[in-house]
Amino acid sequence: MQLGADVPVFIYGFSAFAEGIGEKIQPVYIKEKWYLVTYPNINISTADIFNDPKLVRNTKYRHLQELLSSPFTNNCENLVRTKFIKINEIICLLSKYAPTRLTGTGSCVFSEFDNKKSAYEVMNFIPKYANGFIAKGTNISSLHQLLIMNKLLIN
């Protein structure tokens, strides 16, 4: 947790829901999808976003099951889209092809696909000023799987 609130959830090697400042972790298994991650070559200060007086701060608490069955929301997205026009342009453009959202406070944007082929097709539409890559979501990290396999082979 000294490294940041996002770090603890990655240490255990499985997808999880984290609460608090990352100290309350609950495993969660969701459908593994493909993602186009687009970086608009913009740096955004997390501290600046969190300290902005326009950031919505009154979101009601929702339990994990409610979150998993509801549309995705990110309190930072509207603020970031207002402050950074290129991010708004990318989200508007890619939303024509797939659900597209801001990562945390940004500046990356991710678009969700059911298959790899669709993700690659849409990657052709990202603006020239941006970079992108395709990634597959997994419920268990590749490193964790490798460690398990090595442990089984040693025993």
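See above for the structure.
The present account deals with the structure reproduced in this document. (Residues numbered from 1 in each chain as written. Predicted model: local features only at pLDDT ≥ 70, side-chain atom pairs only at ≥ 80, totals over all residues. Heavy atoms only, no water.)

### Section: the packing of aromatic side chains
- Under the criterion given, the structure shown has four aromatic pairs.
- Between Y35 and F110, the ring centres sit 6.0 Å apart and the planes meet at 65°, which makes this aromatic pair edge-to-face. Of this pair, Y35 sits in strand β3 (residues 34–39) while F110 sits in strand β5 (residues 109–113); the two residues are 75 residues apart in sequence, bridging distant segments of the chain.
- A residue is classified by how much of its surface remains accessible, and F110, at 15% relative accessible area, is buried.
- An angle of 5° between the planes, with centres 4.7 Å apart, marks the rings of Y97 and F125 as stacked. Of this pair, Y97 sits in the loop between α5 (85–94) and β4 (100–102) while F125 sits in the loop between α6 (116–123) and β6 (131–136), and the two are 28 residues apart along the sequence.
- Take F125: its relative accessible area is 40%, and that puts it in the partly exposed class.
- Taken together, the ring pairs connect Y35, F72 and F110 into an aromatic cluster. (Phe/Tyr/Trp six-rings, centres within 6.5 Å; stacked < 30°, edge-to-face > 60°. Helix = DSSP H or I, 4+ residues; strand = E, 2+ residues; numbered from the N terminus. Buried < 20%, exposed > 50% of the residue type's maximum accessible area, 1.4 Å probe, protein only.)

### Considering the nonpolar core
- Ranked by size, the top nonpolar core spans 22 residues in total, and within it L36, I87 and F113 carry the most contacts.
- Taken together, the elements giving at least two residues each to this core come down to β3, α4 (77–83), α5, β5 and α6.
- Take this core: its biggest share by element is four residues, from α5. (Core = buried A, V, L, I, M, F, W, Y, C linked by side-chain atoms within 4.5 Å.)

### Thoughts on the pairing of strand β2 (residues 24–27)
- Pairing between strand β1 (residues 16–19) and β2: four bridges, direction antiparallel. Across the sheet, A16 pairs through a bridge with P27, a residue of β2.
- Between β1 and β2, which pair antiparallel in sequence order, lie four residues; one of them, G20, sits at a positive phi of approximately 70°. (Pairing = 2+ DSSP bridges.)

### Describing the sheet that holds β3
- Strand order in this open sheet of four strands is β4-β5-β3-β6, and the pairing throughout is antiparallel. Lying at the two open borders of the sheet, with one neighbouring strand each, are β4 and β6. For this sheet, the mean inter-axis angle between neighbouring strands, taken without regard to orientation, is 25°.
- Bridging between β4 and β5 involves three bridges; their strand directions are antiparallel. Bridge pairing links L102 to V109 in β5. (Axes fitted to C-alpha atoms, helices over the stretch in contact; angles between N-to-C directions.)

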